[in-house]
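# Tertiary structure, described
One-letter residues, chain by chain:
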Amino acid sequence: MAIVLCRIDDRLIHGQVVIGWGRPMGINLIILVDDQVAASEWEQELYRMAVSPDIEVRFVTVAEATAHLAEWQANGKRGLVLTGDLETMVALHNAHPQVIHHINLGGIHHRPGRRERLPFVYLSDQELRNLVTLEEGGAVITAQDLPTTSPVPLRSLG
């Protein structure tokens, strides 16, 4: 399996993703799926600075990710698919449920309408319902800040 982690983290690429997840999982490809970042060279350069040169980083739109996920799954690299929001990951799962099957909720922070589910996961009731619906459709969704901590099942966040 090439895609070894599908993570939602609104901070996108940062130390916890690169060091905390990337090193222990042997990640050598990060696929950051965000339409805005894919269109901004200076944002891409900022995120690249957080990643060691031996890790390839691709900045792609949702449409590009949807078109290439099966290819990245088969390329032999240990990949991390990273999105900054739930909607993007849901779109990727809907397009490729066999690739985007296990979804990790990482840093999803406070904003109006959301409440704390875990110290690192804030969700609105509607976002939680959307995730439950996704899980009922076959996805496996857990919250986990680092690979050294125990995953928290989605049902525990209600």
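Let me sum up the structure you'll find in this document. None of these values were measured; they are calculated from a predicted model.

Parameters and conventions
Residues numbered from 1 in each chain as written. Predicted model: local features only at pLDDT ≥ 70, side-chain atom pairs only at ≥ 80, totals over all residues. Heavy atoms only, no water. Salt bridge = Lys/Arg side-chain N within 4 Å of Asp/Glu carboxyl O. Buried < 20%, exposed > 50% of the residue type's maximum accessible area, 1.4 Å probe, protein only. Helix = DSSP H or I, 4+ residues; strand = E, 2+ residues; numbered from the N terminus. Core = buried A, V, L, I, M, F, W, Y, C linked by side-chain atoms within 4.5 Å. Contact = heavy atoms within 4.5 Å. Pairing = 2+ DSSP bridges. Axes fitted to C-alpha atoms, helices over the stretch in contact; angles between N-to-C directions. Parallel < 35°, antiparallel > 145°, perpendicular 65-115°, else oblique. Left-handed = near helix turned anticlockwise from the far one by under 90°.

Below, the discussion takes up the pattern of salt bridges. Throughout the structure, instances matching the rule amount to nine salt bridges. Residue Glu 56 is joined to Arg 58 by a salt bridge in which the shortest nitrogen-to-oxygen separation is 2.7 Å. Residue class for Arg 58 comes out partly exposed when judged on its relative accessible area of 25%. With its nearest N and O atoms 3.7 Å apart, the salt bridge here joins Glu 135 to Arg 155. Of this pair, Glu 135 sits in helix α6 (residues 125-136) while Arg 155 sits in the segment after β9 (152-153); the two residues are 20 residues apart in sequence, bridging distant segments of the chain. Of the residues examined, Arg 155 reaches a relative accessible area of 54% and is grouped as exposed. Through salt bridges with shared partners, a single ionic network connects Arg 7, Asp 9 and Arg 11.

Okay, the nonpolar core next. Here is a general trend for soluble globular proteins: nonpolar side chains tend to be buried in one another's company. The biggest cluster of nonpolar side chains holds 32 residues, and the ones touching the most others in it are Val 81, Ile 100, Ile 103, Leu 105 and Leu 157. Within the residue set of this core, elements represented by two or more residues are β1 (3-8), β2 (29-33), α4 (62-74), α5 (86-95), β5 (102-105), β7 (121-123), α6 and β8 (140-143). The element that contributes the greatest number of residues to this core is α6, accounting for four residues. Those residues in contact with Ile 103, other than ones at most four positions away along the chain, are Cys 6, Ile 8, Met 89, His 93, Leu 134, Ala 139, Val 140, Ile 141 and Thr 142.

Moving on, we get to the sheet that holds β8. Across the sheet, which stays open at both edges, the seven strands sit in the order β3-β2-β4-β1-β5-β8-β9 with mixed pairing between neighbours. One side of each edge strand has no neighbouring strand; the edge strands of this open sheet are β3 (56-60) and β9. In the sheet, β2 pairs with β3 via five bridges, with the strands oriented parallel. Bridge assignment links Ile 30 to a residue of β3, and that residue is Val 57. Where α6 meets the sheet, its contacts fall on β5 and β8, and the angle it forms with β8 comes to roughly 140°.

Here the focus is the packing of α4 against α5. Where α4 meets α5, the closest approach of the two axes is 10 Å, and the angle between their N-to-C directions is 30°. Taken together, α4 and α5 sit at an angle that is classed as roughly parallel. For the pair α4 and α5, the crossing hand works out as right-handed. Here Val 62, Ala 65, Thr 66 and Leu 69 of α4 come into contact with α5, specifically with Thr 88, Ala 91, Leu 92 and Ala 95.

All quantities given are derived from atomic positions and should not be read as evidence of function.
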